[in-house]
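Observations on the three-dimensional arrangement
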2 protein chains.
Amino acid sequence: MLKTWFKGETNHVTKHPTDWLRSYCYCDACLNHDITSRDVISVHNQEVELHVVDYNAIEGNENTVQFKILKHLIESGICMIKNVPTVPEQILKVASMFGPVRSTLYGKGYDLGGDQGENRAFTTSELPFHQDSPYYETKPGAQLLHALRFDSCVTGGESLIIDMFRSAETLRRESPEHFRTLCEVPATFETIDLKRNEPCYLEHQKTHFAVDYFDKLVGVNWSPDHVLVPRIRSEDVNRYYAACRAFAKVLERKEGMLKFRLTTGDLIIFNNCRVAHGRTAIQSCGGKRHLQGTYVNMNDVKSKYMVLANKLGLNVTPPKVGNNSSF
Amino acid sequence: MLKTWFKGETNHVTKHPTDWLRSYCYCDACLNHDITSRDVISVHNQEVELHVVDYNAIEGNENTVQFKILKHLIESGICMIKNVPTVPEQILKVASMFGPVRSTLYGKGYDLGGDQGENRAFTTSELPFHQDSPYYETKPGAQLLHALRFDSCVTGGESLIIDMFRSAETLRRESPEHFRTLCEVPATFETIDLKRNEPCYLEHQKTHFAVDYFDKLVGVNWSPDHVLVPRIRSEDVNRYYAACRAFAKVLERKEGMLKFRLTTGDLIIFNNCRVAHGRTAIQSCGGKRHLQGTYVNMNDVKSKYMVLANKLGLNVTPPKVGNNSSF
């Protein structure tokens, strides 16, 4: 044990275990060990995997099952919850287990019923890979989608999930100069619509990739529909577009892509900071595909994960979650 | 007018005014003009100023008065609203005018009554300059504080506001190497409390200063109570602490500091991304100082500002708001 004395209004004694002190060792070996152990995204779990949890298992085992869902979300990028009651706004109840529901320009939640047409997600067209809401300073971390109804006669509408961290690391390996460009030259993400019921003017200039002080990848922003004409120096325009094309080419390979079809009552929760999602085109064939969606910030998700681990007496390393932070 | 044709399922025509095209010119002159015109924080408005608006003016003039409040908030860093009804949670009503209320570990709002003791803000001690909640990926932008009661017999408790962007630019001018260090070497901000009613584990590693692609200052994070032992390479430890000390010295000069006393019914809204706040020690002398506080994200505040400008038919340049973005 280490004791420290501070001199304030009264003397004050703080006790720290020696392994706390050890955990802050500055030597390269300790620091690298610490960074690596937190890096579930890039190091420990290359494959995005679809684990499944039954909603009915939660009752009576809240802490254990919620922790399991978050462990899958954080380590595998996604988790599916089966048999979620098909009650409108049930998704808000599920989301609240993991943190405060994040309000966006769509409010606390949104409805994908196929009728509205504010953007491509509300149509039946194919949706290419994208991450949601990059025009916010912080894009939502955990994204939840709940199938209130997905008739078996509907064809298409399969969900697609791809690991952006893996694809970005592929680009770094194959074309380091393009990777560097996407870390240096920013994109301007925006959604401006002054005519909708709740008008919005959201823009945020940031790079497609972010590396931290240790040169580890800690953030990916990819959302082609929301990228504006870049506001950058003319000398960077060509290398910016070349790098974007190179990354788009890597994504076209669909390395490790998950493709699956939701059924009525399925709810997926995925890490919008880590993965991109898409969808094949929908042919309703007289049936209906009705989803509801909402978000929780990744700060709150990670906090909940650590709090649950503590409640369960588990010794868990605080993980890197893709939100531009290594710690 | 410029017409563009995209070829999709059907031909599609988009009309753009030529000044839209002009606004995306890549030449240095146009780009620099654009950046400068948005930079209300560092260029146009060096002084943080306390403008005052009367709450009763809002009724019947919502758009005009709300826009005025936001203009002061964005250009001057702070605005005071007088004569706000001293009803508990009235602050949530005021905050909702400017965007969705931001939930934090304190919930939708918090109470500074002098009784609770979760951190220094809940005591009567002096509070040194700090920005709130840096352990989130996005710290709250607009911070609101409402004096439900501030008895005249209470001494002390004056509010202090200082412009962090101005102080950071002073450091850049006087000690460019320290400024650069605070842009390069990250701090780990955290609040971990597994024993409170709503336990939390929040940490985020980021630099104290952030410059953008144009080398303009776009972010400042300063919150000494929430800075952990740095997790950085040993070779950077000395220059990190030297730079922190140098910046603390600049702050001690209190250049352009605002010092004022709230009276019952006063509500201040200030930009937590741009300014730091503090408070002198409180001696209750048998009286009471009871504040409530809450937050709105700066993305949403800027959006509301632009939406109101549009409703009022004003031609407003989308401003830089201190949230790590130039656009």
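I will try to describe carefully the structure that is included in this document. (Residues numbered from 1 in each chain as written. Chains lettered and ligands numbered in written order. Predicted model: local features only at pLDDT ≥ 70, side-chain atom pairs only at ≥ 80, totals over all residues. Heavy atoms only, no water.)

Digging into the overall build of chain A
Broken down by element type, chain A carries nine helices and 18 strands. Taken over C-alpha atoms, the radius of gyration comes to 21 Å for chain A, in line with the 20 Å a tight globule of 327 residues would show. Every one of the 327 residues in chain A was classed for burial, and the buried ones make up 57%. Counting only contacts in chain A whose residues sit at least 6 apart along the sequence, the fraction spanning at least 24 positions is 79%. Carbon together with sulfur atoms contributes 50% to the accessible area of chain A, which is approximately 13800 Å² in total. Here chain A contributes 39 positively and 38 negatively charged side chains, and the mean placements of these two sets differ by 2 Å. (Helix = DSSP H or I, 4+ residues; strand = E, 2+ residues; numbered from the N terminus. Rg over C-alpha atoms; globule rule 2.2 N^0.38 Å. Buried < 20%, exposed > 50% of the residue type's maximum accessible area, 1.4 Å probe, protein only. Contact = heavy atoms within 4.5 Å. Areas by Shrake-Rupley, 256 points an atom, 1.4 Å probe, with all protein chains shown as cover. Lys, Arg positive; Asp, Glu negative; His and termini not counted. Charge placed at Lys NZ, Arg CZ, Asp CG, Glu CD.)

Quick look at the interface of chain A and chain B
Contacts between the two partners involve 54 residues from chain A, matched on the other side by 54 residues from chain B. Both faces considered, chain A and chain B share a buried interface measuring about 5100 Å² in area, 52% of it formed by carbon and sulfur atoms. Ranking the residues of chain A by area buried against chain B places A:Y26, A:Y213 and A:R231 at the top, with a combined share of 17%. Where chain A touches chain B, the interface holds eight salt bridges. Along the contact surface separating chain A from chain B lie 29 residue pairs in polar contact (both at pLDDT 80 or more). (Buried area = accessible area lost by both parts, 1.4 Å probe. Salt bridge = Lys/Arg side-chain N within 4 Å of Asp/Glu carboxyl O. Polar contact = N/O pair within 3.5 Å; in protein donor to acceptor, adjacent residues only side chain to side chain.)

Things to note about the sheet that holds strand β14 (residues 258-260) of chain A
Residues and elements named next belong to chain A. Strand order across the open sheet formed by four strands is β6-β16-β9-β14, with antiparallel pairing between neighbours. Each edge of the sheet is formed by a strand with only one pairing partner; in this case those strands are β6 (127-130) and β14. Direction aside, neighbouring strands of the sheet carry axes that sit 15° apart on average. Bridge count between β6 and strand β16 (residues 275-279): two bridges; the pairing is antiparallel. Considered in β16, the bridge of H130 is made with H277. (Pairing = 2+ DSSP bridges. Axes fitted to C-alpha atoms, helices over the stretch in contact; angles between N-to-C directions.)

Structural notes on the environment of A:L228
Relative to the helices and strands, A:L228 resides in the loop between β13 (217-220) and α8 (234-252). Classification of A:L228 as buried rests on a relative accessible area of 15%. A C-alpha to C-alpha distance of 5.9 Å links A:L228 and A:F189, two positions 39 residues apart in sequence. Beyond its immediate chain neighbours, meaning those up to four positions away, A:L228 contacts A:T188, A:E190 and B:Y24.

Some words on the packing of aromatic side chains
Tallying each qualifying case throughout the model produces 22 aromatic pairs over all chains. Each ring, one from A:Y135 and one from A:Y136, has its centre 5.4 Å from the other, and the planes form 45°; the classification is tilted. A single burial state applies to A:Y135 and to A:Y136, both of which are buried. With a centroid separation of 5.7 Å and an interplanar angle of 40°, the aromatic rings of B:Y110 and B:Y295 are classed as tilted. Of this pair, B:Y110 sits in strand β5 (residues 110-112) while B:Y295 is found in strand β18 (residues 289-296), placing the two residues 185 residues apart along the sequence. As far as burial versus exposure is concerned, B:Y110 and B:Y295 are alike and both buried. Within the aromatic cluster, the residues linked to one another by ring pairs are A:F179, A:F209, A:W222 and A:F247. The ring of B:Y136 carries B:R102 above its face, with NZ or CZ at 4.6 Å from the centroid. (Phe/Tyr/Trp six-rings, centres within 6.5 Å; stacked < 30°, edge-to-face > 60°. Lys NZ or Arg CZ within 6 Å of the ring centre and 35° of its normal.)

Points about the pattern of salt bridges
Taken as a whole and judged by the stated rule, the model has 38 salt bridges over all chains. Between A:D215 and A:R172 there is a salt bridge; the shortest N-O distance is 3.4 Å. Of this pair, A:D215 sits in the loop between β12 (209-211) and β13 while A:R172 sits in helix α6 (residues 164-174), placing them 43 residues apart in sequence. Here A:D215 falls in the partly exposed class, since its relative accessible area comes to 36%. Linking A:E184 and A:R239 is a salt bridge whose minimum nitrogen-to-oxygen distance equals 3.1 Å. Residue A:E184 is located in helix α7 (residues 176-184), and its partner A:R239 is located in helix α8; the two are separated by 55 residues in the primary sequence. Given a relative accessible area of 38%, A:E184 falls into the partly exposed group. Connected via shared salt-bridge partners are A:D34, A:R38, A:K302, B:E203 and B:R231.

Some words on the packing of α7(A) against α8(A)
All names here are of chain A. Contact geometry for α7 and α8: axes closest at 9 Å, N-to-C directions at 115°. If you check the angle between α7 and α8, you find them roughly perpendicular. In the packing of α7 onto α8, the handedness of the crossing is left-handed. Contact residues: H178, T181, L182 and E184 in α7; R239, Y240, A242, A243, C244, A246 and F247 in α8. Along the lines of polarity and charge, the residues of the contact of α7 with α8 split into seven nonpolar, two polar and two charged. (Parallel < 35°, antiparallel > 145°, perpendicular 65-115°, else oblique. Left-handed = near helix turned anticlockwise from the far one by under 90°. Nonpolar A, V, L, I, M, F, W, Y, C, P; charged D, E, K, R; others polar.)

Geometric descriptors of this kind do not, in isolation, establish any biological role.
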